[in-house]
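As a plain string of letters, each chain reads:
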Amino acid sequence: MTAEPQLSRTPLYERHVAAGATMVPFAGWSMPVKYSSDVAEHQAVRTAAGLFDISHMGQITVAGPDAAAFLDHALAGRIGALEPLQSRYTMMLTPGGGVVDDLIVTNTHLPGEGTLAAEGEPTTPTQFLIVANAANRRAVISSLTEQLVRCEDPADRYDAEVTDTGRALLAVQGPNAAAILGDLIGNHVIRIDPAAQISLSSLRYYRTAPGWFDAPDGPVDVVISRTGYTGEDGFELSVEADHAAALWDAIVLAGEVHGLVLAGLAARDTLRLEAGMPLYGHELTLTTYPFQAGLGRVVAMSKPDFVGRDAYVLALEEQSDVPVLVGLTLEGRRAARAGYPVLDEGGEPVGTVTSGVLSPTLGHPIAMAYVPPSMSQVGTRLAVDVRSSALPAVVVDLPFYRRPKES
């Protein structure tokens, strides 16, 4: 009899158990799928705020004189052009042009830092933070490590180091997220480094602010990024694993007056699906080209070279019959799930659902699916085979949900 593999635990495991969370295996980790009701947690994020433990995500540093040049080669985006404390959504591709992982990369330098360039030229970033999906942490680190060698001679290497930080990551998401962080800063529980030349109110989307958290045993560094995976405003906070529980408790306390709830993986999945955000292993895979998922914009084709470029260019030239990702809305209340067949009006299979749910916000089933380009136009009528029943569906624009603009 084969023993079950041991699941990893985040530094907040005991907090989840104490809060009554339902724990499930996810990407090799024991993670909270919900605390009470996944729908209630979803709705709290849309209307107030939710606190997520996302410490299972990989946080990887790349540092050294060649870090920018190395990441411009290893990743599909233009990384060396990032400003200090700016983040970018990008992808790591296989040599065949498929997706190893979708990533967020941040230039972690403070303004004015970096390697000095020629007179009049901007400084070159030499330190970056990469946030990778939990299931792909090892694959990303392995690929980066392999790409450090520029040719068959191991001595010809990029002068950079790849390190798995092991830090914890917490996400505060929802329309009240800024108020919660603002209270923590106003009460000096968190301080933003003045050298960052930024305040919480001026921290834009995909920008980062380093600072300090007033932990019980003294100040420890914390990195606050205005990023998220829910379609709402929010922040992700990186902290050393030993201090994650104290930061979690401080956020919970500050969030009490703002309607903050603890939220699990189930709510995070329905939130990201409503927002039209891809999930690796569903919308993105080793055999998926970014342009198929509507993410061709993140591939910097102006770069002369990066891993997978040649194969990606060839795929672009031959893309006429390659399935593309669309949004679908369905009639009734039955949700289409990943793997369900998409049918044409004649009942013939033409595609596959990648993600689907009964939308808590919209009140009807939504799904993302790959279909032929000829059937991807908004308004195209299709169907989904849901347990031998052909449920009518129509192609719609993504995302399904956009948060209201601030007045």
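Owing to the predicted nature of the structure, the values given are computational and were not obtained by experimental measurement. (Residues numbered from 1 in each chain as written. Predicted model: local features only at pLDDT ≥ 70, side-chain atom pairs only at ≥ 80, totals over all residues. Heavy atoms only, no water.)

**So, the environment of Thr-165**
Point 1. Mapped onto the elements of the fold, Thr-165 is located in the loop between strand S9 (161–164) and strand S10 (168–173).
Point 2. When its relative accessible area of 27% is taken as the criterion, Thr-165 is described as partly exposed.
Point 3. Separated by 60 residues in sequence, Thr-165 and Val-105 place their C-alpha atoms 14 Å apart.
Point 4. Beyond its immediate chain neighbours, meaning those up to four positions away, Thr-165 contacts Gln-59 and Thr-61.
Point 5. Within the structure, the side chain of Thr-165 is placed 3.2 Å from the backbone nitrogen of Arg-167, a separation counted as a polar contact. (Helix = DSSP H or I, 4+ residues; strand = E, 2+ residues; numbered from the N terminus. Buried < 20%, exposed > 50% of the residue type's maximum accessible area, 1.4 Å probe, protein only. Contact = heavy atoms within 4.5 Å. Polar contact = N/O pair within 3.5 Å; in protein donor to acceptor, adjacent residues only side chain to side chain.)

**Some details on the packing of helix H2 (residues 38–47) against helix H7 (residues 265–274)**
In a pair of packed helices, the angle between the axes and the distance between the axes together describe the arrangement.
Point 1. Orientation of H2 relative to H7, taken along the N-to-C sense of each, is 50 degrees, at an axis distance of 8 Å. On the basis of their axis angle, the class for H2 and H7 is oblique. In the packing of H2 onto H7, the handedness of the crossing is right-handed. Contacts between H2 and H7 pair Asp-38, Glu-41, His-42, Val-45 and Arg-46 from the former with Ala-266, Ala-267, Thr-270, Leu-271 and Glu-274 from the latter.
Point 2. The class makeup of the residues in the contact of H2 with H7 is four nonpolar, two polar and four charged. (Axes fitted to C-alpha atoms, helices over the stretch in contact; angles between N-to-C directions. Parallel < 35°, antiparallel > 145°, perpendicular 65-115°, else oblique. Left-handed = near helix turned anticlockwise from the far one by under 90°. Nonpolar A, V, L, I, M, F, W, Y, C, P; charged D, E, K, R; others polar.)

**Description of the pairing of S10**
Point 1. S10 sits mainly inside the fold: six of its six residues count as buried.
Point 2. As paired strands, strand S4 (residues 49–53) and S10 are joined by four bridges and run antiparallel to one another. Bridging from a neighbouring strand, Gly-50 pairs with Gln-173 of S10.
Point 3. With six bridges connecting them, S10 and strand S14 (residues 234–239) associate as antiparallel partners. Counterpart to Gln-173 in the pairing with S14 is Gly-234. (Pairing = 2+ DSSP bridges.)

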